[in-house]
Amino acid sequence: MPRYVVDEAALVRNLEILQDVSKRAGVRILLAQKAFSCTAVYPLCAKYLAGTTASSLFEAIHAKRHFPGEVHVFNPAFAAEEIDEVLATVDHIVLNSMRQVSLYAAKAHEKGVSVGLRVNPEVSVTTTPAYDACRPGSRFGVTRDALDAAGGLPGVVEGLHFHALCEQGVEEFRKVLAGFEAHFGDLVPALKWVNFGGGHHITRADYDVDGLVETLRSFQGRHPGVQIYLEPGEAIALNAGTLESRVLEMQPKGADGITNVILDVSAACHMPDVLEMPYTPPMLGAEKGAGGPYVYRFGGPTCLAGDEIGTYSFNRPLHDGDAVVFGDMAIYTMVKNNTFNGINLPDIVLRHADGREELLRRFSYDDFASRL
């Protein structure tokens, strides 16, 4: 049975780094649930973080029930039939357009929910177009021209939000922040808060944490009294989980000299970002590419021809039944997986800091059938 294993010790290491940034820079850091929503570790995360951010009603409810602290929510367009329940659940709501502001801001304010507006700094630093929220024609955020055309920022709006990064560092953040201040800096003194979104790869080994703290404190010096929020997702659970699988079938070596290997895990079902982003995940004990003596192309057990995880090189031969372990599998896996082809979902296991393993969830046919 394949399984996701969440590593508590690695998670704590990330959380300690984020808490250090929070204390030194005086900012509040939120868990972006879209990347990592493992309920069992919410109480642990809550010891280090100020709260959560949600992208939907269900994520907001999940946070409210399981994660002590603030609950923020953003959606490109909230549905009228859900807005009352959303507002009864969250502390902050970020609206995406001036029309959404006109529809919901007054009601949110009346209910004691702090209202924010997502803005577009119009600075593209993300190299993958699908993840560039500032690209021309983006559906995310209000440009300054659009804001001015609508008559300016309504007084009911207490915060501004942007999200423009994807797995990036301080230099990219500084470029976006400069664009934000150039376009919207004159509005900041009247605000209660600003939210600089996610995509900050703060817990990556080579990330300039001191540079981030310096940048945030510098902004505070220019805009005293305004609370700063960050909402990383990946940084919280980066390299804090694995996906353990096994070899089901070793096919004869192909004409290209590579042996196809069928695993009991699927890119399409269990790690969709491998196909969507796309990227090749790390594998323990192997190197990416065809540079080693034993080269294998790994694929899943679905009928999708493109259900390929990647090509890897080993210093030893693989055999039927061997274990294959993928790294950095806590983020954008459990939250995005699916049961295409009726493929079952991996177990979810928490490896505690003392080495003890706890089975959090085992899935079955009923989980497949109940969705259909």
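Up top is the structure these notes are about.
Cut-offs applied
By convention here, each chain's residues receive numbers from 1 onward along its written sequence. Residue-level local features of this predicted model are given only where pLDDT is at least 70; pairs of side-chain atoms are given and counted only at 80 or more, and the full residue set underlies all totals for whole chains, interfaces and linings. The basis for the side-chain values is all heavy atoms of the structure; hydrogens and waters are excluded. Every axis corresponds to a line fitted to the C-alpha atoms, with the helix fit spanning only the stretch in contact, and the corresponding angles, defined between N-to-C directions, vary from 0 to 180 degrees. Working definition: helices are DSSP H or I runs of at least four residues, strands are E runs of at least two. Numbering for both runs from the N terminus. We call two directions roughly parallel when the angle between them is under 35 degrees, roughly antiparallel when it is over 145, roughly perpendicular when it lies between 65 and 115, and oblique otherwise. Note on convention: the crossing is left-handed when the near helix lies turned anticlockwise from the far helix by less than a right angle, right-handed when the turn is clockwise. The contact criterion used is simple: two residues touch if any of their non-hydrogen atoms lie within 4.5 Å. Here, a strand pair is defined by DSSP locating no fewer than two bridges between the strands. Exposure is judged per residue with a 1.4 Å probe applied to protein chains only, and the accessible area is read against the type maximum: over 50% gives exposed, under 20% gives buried, and values in between give partly exposed. Classification of ring pairs uses Phe, Tyr and Trp, with its six-membered ring standing for Trp, and accepts pairs whose centres are within 6.5 Å; under 30 degrees between planes counts as stacked, over 60 as edge-to-face, and the remaining range as tilted. One speaks of a salt bridge when a side-chain nitrogen belonging to Lys or Arg is within 4 Å of a carboxyl oxygen belonging to Asp or Glu.

Concerning the packing of helix α1 (residues 8–25) against helix α8 (residues 209–222)
A packed helix pair is summarised by two numbers, namely the angle formed by the two axes and the spacing between the axes.
Move 1: Across the interface, α1 lies against α8 with an axial gap of 9 Å and an inter-helix angle of 30°. Viewed along their axes, α1 and α8 adopt a mutual orientation that is roughly parallel. Crossing of α1 over α8 shows right-handed handedness. Between α1 and α8, the residues in contact are I17, D20, V21, R24 and A25 and V209, D210, L212, V213, L216, R217 and Q220, respectively.

Considerations on the sheet that holds strand β2 (residues 28–32)
Move 1: Spatially, β2-β3-β4-β5-β6-β7-β8-β9 is the arrangement adopted by the 8 strands of the closed barrel, whose pairing is parallel. Recorded for the sheet is a direction-independent mean angle of 25° between the axes of neighbouring strands.
Move 2: Pairing of strand β3 (residues 51–54) with strand β4 (residues 70–74), which is carried by 4 bridges, proceeds in the parallel orientation. Counterpart to T52 in the pairing with β4 is V71.

Structural notes on the environment of F196
Move 1: Summarising the element assignment, F196 is placed in the loop between β8 (193–195) and α8.
Move 2: We classify F196 as buried; its relative accessible area is 1%.
Move 3: A C-alpha to C-alpha distance of 24 Å links F196 and A240, two positions 44 residues apart in sequence.
Move 4: Leave out the neighbours within four places in its chain, and F196 touches F162, F173, L177, F180, L216, F219, I228, Y229 and L230.

Quick notes on the packing of aromatic side chains
Move 1: The tally for this structure, following the rule as stated, stands at 15 aromatic pairs.
Move 2: Aromatic side chains Y296 and F298 sit 6.3 Å apart centroid to centroid with 50° between the ring planes, which places their arrangement in the tilted category.
Move 3: A relative accessible area of 5% places Y296 in the buried class.
Move 4: Overall, F298 belongs to the buried group, its relative accessible area being 0%.
Move 5: Taken together, the ring pairs connect F162, F173, F180, F184, F196 and F219 into an aromatic cluster.

Considerations on the pattern of salt bridges
Move 1: The tally for this structure, following the rule as stated, stands at 21 salt bridges.
Move 2: For E357, the salt bridge is made with R3, and the minimal N-O distance between the two is 2.9 Å. On the criterion of sequence distance, the pair formed by E357 in strand β17 (residues 357–361) and R3 in strand β1 (residues 3–7) is long-range, its members being 354 residues apart.
Move 3: Since its relative accessible area comes to 37%, E357 is described here as partly exposed.
Move 4: The shortest N-O distance in the salt bridge between R361 and D367 comes to 2.6 Å.

Thoughts on the environment of L147
Move 1: By secondary structure assignment, the location of L147 is in helix α6 (residues 144–149).
Move 2: The buried category is assigned to L147, whose relative accessible area is 1%.
Move 3: Spatially, the C-alpha atom of L147 lies 9.9 Å from that of F184, the residues being 37 residues apart in sequence.
Move 4: Ignoring any residue separated from it by four or fewer positions in sequence, one finds L147 in contact with M98, L117, V142, G152, L153, F184 and L187.

Comments concerning unusual backbone geometry
Move 1: Omega for the peptide link from M277 to P278 comes to -20°, which places this bond in the cis form.
Move 2: A positive phi angle is found at E122, which is not glycine, with a value near 60°.
Move 3: Tracing the chain through its elements places E122 in the loop between β6 (114–118) and α6.

Interpretation note: all reported values are geometric properties and have no functional meaning in isolation.
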